[in-house]
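So you can see what is in the structure, the chains are spelled out below.
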Amino acid sequence: MIKEIKKIGVLTSGGDAPGMNACIRAVVRTALHKGLEVTGIYQGYQGLIDGNFKEMDTRSVSNIIQRGGTILKTARCLEFKTTEGRKIAYDNLKAAEIDALVVIGGDGTFTGANFFSKEFEIPIVGIPGTIDNDLYGSDYTIGYDTANNTVIEAIDKIRDTAASHERLFFVEVMGRDSGCIALNAGIAGGAEAILLPEKETAIDDLIRHLEDGAIKKKSSSIVIVAEGDQNGGAYYVAKKVKEKFDHYDTKVSILGHLQRGGAPTSFDRVLASRLGFAAVNEILAGNTRITVGLRGNEIKTTPIEEAISNKEIKLSPDLLEMAEIL
């Protein structure tokens, strides 16, 4: 028998992503509209263990849709990986009379949610929020579009100085296990080469590519390196290229955590709102241990175990071929 849901909790966990606040807002206001109470859980799973809860109303999420980061804060929590830690979290949920959870985050967030829901029969719906766009079940994750635009803006500015000084720039972007940002921002930014964790690129091949550019009198070049590239980070790649190819004055720029910040794009705000709205409706429909995601232009659900176990590569073969040609 499905227990009647009267109060839900919402949390953000793992790395922050632009659009998380828009998602929180949608969850809170949808739940209130449906007659539910809502509790905000601060600092992710750590907040579950610490009992860091706050009741939320419609005013709690006013004027946040345009803000980056997450008003609920986020934290890594090793204690939640233990059975004892999850039991403390469960006891705190019961004491607060929270009947179900909406969790916003990435792979680690979903893994923890899956364990927790199985152990204590807590209804949970996951919403993919990560700039890496590396979760199965959604074409786009919250924050990915904003991060892409941030990287493109940086590439455009770097290209100005690269052309002025006839320099070769290696720009390192986030993506330890996923080259989505590197590939898409590299194409949009007109990069001369893109190094991805999913695709091995030999240094010698890269050098030949750059030499071709030199023969064609290119005055500057930009190479995008995903932080998880198989050759190593941008500094390592730049060093290897410099050893064999000194036509350019070589520079390295690591964009780092600025990719996680900033106001979310219109796309991310709408995506986050749609997913937050859908998550509440799925809980009220009695569904649990699922994630909600965008496929095509429709919101679909995926079993949470499938979302975290399926490592299907999201890089389009067409995009990879196009990147080589362009």
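These remarks concern the structure in this document.

Procedures and definitions
Residues numbered from 1 in each chain as written. Predicted model: local features only at pLDDT ≥ 70, side-chain atom pairs only at ≥ 80, totals over all residues. Heavy atoms only, no water. Helix = DSSP H or I, 4+ residues; strand = E, 2+ residues; numbered from the N terminus. Rg over C-alpha atoms; globule rule 2.2 N^0.38 Å. Buried < 20%, exposed > 50% of the residue type's maximum accessible area, 1.4 Å probe, protein only. Contact = heavy atoms within 4.5 Å. Areas by Shrake-Rupley, 256 points an atom, 1.4 Å probe, with all protein chains shown as cover. Lys, Arg positive; Asp, Glu negative; His and termini not counted. Charge placed at Lys NZ, Arg CZ, Asp CG, Glu CD. Polar contact = N/O pair within 3.5 Å; in protein donor to acceptor, adjacent residues only side chain to side chain. Axes fitted to C-alpha atoms, helices over the stretch in contact; angles between N-to-C directions. Parallel < 35°, antiparallel > 145°, perpendicular 65-115°, else oblique. Left-handed = near helix turned anticlockwise from the far one by under 90°. Nonpolar A, V, L, I, M, F, W, Y, C, P; charged D, E, K, R; others polar.

Digging into the overall build of the protein
Assigned secondary structure in the protein consists of 11 helices and 11 strands. For 326 residues, the compact-globule estimate of 2.2 N^0.38 gives 20 Å, and the C-alpha radius of gyration of the protein, at 22 Å, lies within 12% of that figure. For the protein, the C-alpha atoms occupy an extent of roughly 70 × 35 × 35 Å along the three principal directions. Within the protein, buried positions represent 51% of all 326 residues. Taking the contacts inside the protein whose residues are at least 6 apart along the sequence as the reference set, 75% of them involve residues at least 24 apart. As presented, the protein carries roughly 14,700 Å² of accessible surface, and 49% of it is formed by carbon and sulfur atoms. Distance from the positive charge centre (38 side chains) to the negative charge centre (45 side chains) of the protein: 4 Å.

Quick look at unusual backbone geometry
Residues other than glycine seldom take positive phi values, yet Gln 43 does so here, at roughly 65 degrees. Structurally, Gln 43 can be placed in the loop between strand S2 (37-41) and helix H2 (44-50). The residue Glu 97 is not glycine, and still its phi comes out positive at about 60 degrees. Note that Glu 97 resides in the loop between helix H3 (83-95) and strand S4 (100-105).

Some words on the environment of Arg 274
You can see Arg 274 is positioned in helix H9 (residues 266-284). On a C-alpha basis, the gap between Arg 274 and Leu 294 in space is 8.8 Å, while along the polypeptide they are 20 residues apart. If we ignore the near neighbours within four places in the chain, the residues touching Arg 274 are Leu 294, Asn 297, Glu 298 and Ile 299. Here the side chain of Arg 274 touches Asn 297 through a polar contact of 2.9 Å, landing on its backbone oxygen.

With respect to the packing of helix H5 (residues 144-165) against helix H6 (residues 180-188)
Contact geometry of H5 with H6 gives a least axis separation of 9 Å together with a crossing angle of 45 degrees. By the angle between their directions, the pair H5 and H6 is classed as oblique. At the point where H5 passes H6, the crossing takes the right-handed sense. Residues Tyr 144, Ala 147, Asn 148, Val 151, Ile 152 and Ile 155 of H5 form the contact with H6, whose own contacting residues are Cys 180, Ile 181, Asn 184, Ala 185 and Ala 188. For the contact of H5 with H6, a count of residues per class yields nine nonpolar, two polar and no charged.

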